[in-house]
Amino acid sequence: MSESKEILVTGGTGFIGSHTVVALFEQGYTPVILDNCSNSTPSIVKQISLITGKECTFYLGDMRDKAFLKSVFEKHSFEGVIHFAAFKAVAESVEKPLYYYDNNLTSLINLLGCLEEFQVNKIVFSSSCTVYGVENSLKPLNEEMPVGKPNSPYGWTKWMAEQMLIDIAGKTDLRPVFLRYFNPIGAHVSGKLGELPLGPPNNVLPYITQTAAGLRKELTIFGKDYDTPDGTCVRDYIHVMDVAKAHVKSLSYSFDSTFEVFNLGTGKGTSVLELVQLFEKVTGKPLNYQFGPRRSGDVDALFADVSKAKKFLNWNTERTIEDAILDAWKWEQYRLENEIS
């Protein structure tokens, strides 16, 4: 593969974005990172270089700034774009809906303008299983199920973004792939790259690892009266490097239609309490946790039917939840030892 195949990765210093940058390098692409670091840190770029042995071009800026975004496109000849950049905390979106609509949709609108102007027709969009809504929970979700009833402003921004891309693809040469994530967790196997939230984590596994490391007093499991076997929310946890691999494969997907949608998960649900118990088992570290009230926007259970991605992307998960836990714990220890923040 030619080194000239530059891929713009928006939100590339974030959790999934940074691991996808590593996967892109491994497959011979030249990723270019754009991020405003509103929930990440530029130090992640150095960690990517430590793993790959390659320098990564990084632009610090906000995609809502049209002039800035256009200047990035003027400096490169992008083969495609992987668009991660978005706010992503369900509970926060319930409290700050305008904050989410402004950031998540304005940034995409500006990006679409650049894609049209610079004639880039390949985009892999970071979507979410939240677009399926609460009515579809408690059963494996497949891509043929109806969407459009999310349970939070965050979910609505993902649904609206998909709809914008569909509308534009129907009238232009743009060919989007939507990857609807379930719950990415874990870290790079080297332990040198992982999730690095600013402030208290919104996701459960980094809160677990920070609690085990003594950075947090205790973990709160939100709700114990859901319609699940042990009363805690059930989610489809998938290793972040398996998610990253799917993005790389999506770049070379051959289209028979104007757009395509794939679920990314393991096909198996695990409860929050089970995840906590698995952490204690595989690391040998006891965890201080308590139960608290439900969070707004959470649903009982979400897990994926991933047969379509397996068939058309030739993609399979290769790592277990136990692998993800151990990799995340390795990263937690590494970042503390090396004072990465």
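Look a little higher up for the structure.
The model shown is predicted, which means the values in this text are computed figures rather than measured ones. (Residues numbered from 1 in each chain as written. Predicted model: local features only at pLDDT ≥ 70, side-chain atom pairs only at ≥ 80, totals over all residues. Heavy atoms only, no water.)

Caption draft 1: Quick look at the overall build of the protein chain. The helix and strand inventory of the protein chain stands at 11 helices and 15 strands. In terms of overall size, the protein chain behaves like a compact globule, its C-alpha atoms giving a radius of gyration of 19 Å where 341 residues would be expected to give roughly 20 Å. When its C-alpha atoms are laid out on the principal axes, the protein chain stretches across 55 × 45 × 40 Å. Within the span of the protein chain, comprising 341 residues, buried residues form 55% of the whole. Pairs at least 24 residues apart make up 79% of the contacts formed inside the protein chain by residues separated by at least 6 positions. Here the protein chain carries 34 positive and 41 negative side-chain charges, and the mean point of each set is 1 Å from the other. (Helix = DSSP H or I, 4+ residues; strand = E, 2+ residues; numbered from the N terminus. Rg over C-alpha atoms; globule rule 2.2 N^0.38 Å. Buried < 20%, exposed > 50% of the residue type's maximum accessible area, 1.4 Å probe, protein only. Contact = heavy atoms within 4.5 Å. Lys, Arg positive; Asp, Glu negative; His and termini not counted. Charge placed at Lys NZ, Arg CZ, Asp CG, Glu CD.)

Caption draft 2: Main features of the packing of helix 5 (residues 97-117) against helix 6 (residues 153-169). Where helix 5 meets helix 6, the closest approach of the two axes is 9 Å, and the angle between their N-to-C directions is 20°. Classified by the interaxial angle, the pair formed by helix 5 and helix 6 is roughly parallel. In the packing of helix 5 onto helix 6, the handedness of the crossing is right-handed. Every residue of helix 6 that contacts helix 5 at Pro97, Tyr100, Tyr101, Asn104, Leu105, Leu108, Ile109 and Leu112 is listed here: Pro153, Tyr154, Trp156, Thr157, Met160, Ala161, Met164, Leu165 and Ile168. Here the residues of the contact of helix 5 with helix 6 sort into 15 nonpolar, two polar and no charged. (Axes fitted to C-alpha atoms, helices over the stretch in contact; angles between N-to-C directions. Parallel < 35°, antiparallel > 145°, perpendicular 65-115°, else oblique. Left-handed = near helix turned anticlockwise from the far one by under 90°. Nonpolar A, V, L, I, M, F, W, Y, C, P; charged D, E, K, R; others polar.)

Caption draft 3: Broad picture of the sheet that holds strand 3 (residues 57-60). Sheet architecture is open: seven strands sit in the order 3-2-1-4-5-7-12, paired in parallel fashion. Each edge of the sheet is formed by a strand with only one pairing partner; in this case those strands are strand 3 and strand 12 (260-264). Within this sheet the neighbouring strands show an average axis-to-axis angle of 20°, counted without direction. Across three bridges, the pairing between strand 4 (residues 78-83) and strand 5 (residues 122-128) is parallel. What sits directly across from His83, in strand 5, is Phe125. The strands touched by helix 5 within the sheet are strand 1 (6-10), strand 4 and strand 5, with strand 4 carrying the most contacts at an inclination of about 170°. Along the sheet face, helix 6 touches strand 5 and strand 7 (175-181) and points at about 155° away from the line of strand 5. (Pairing = 2+ DSSP bridges.)

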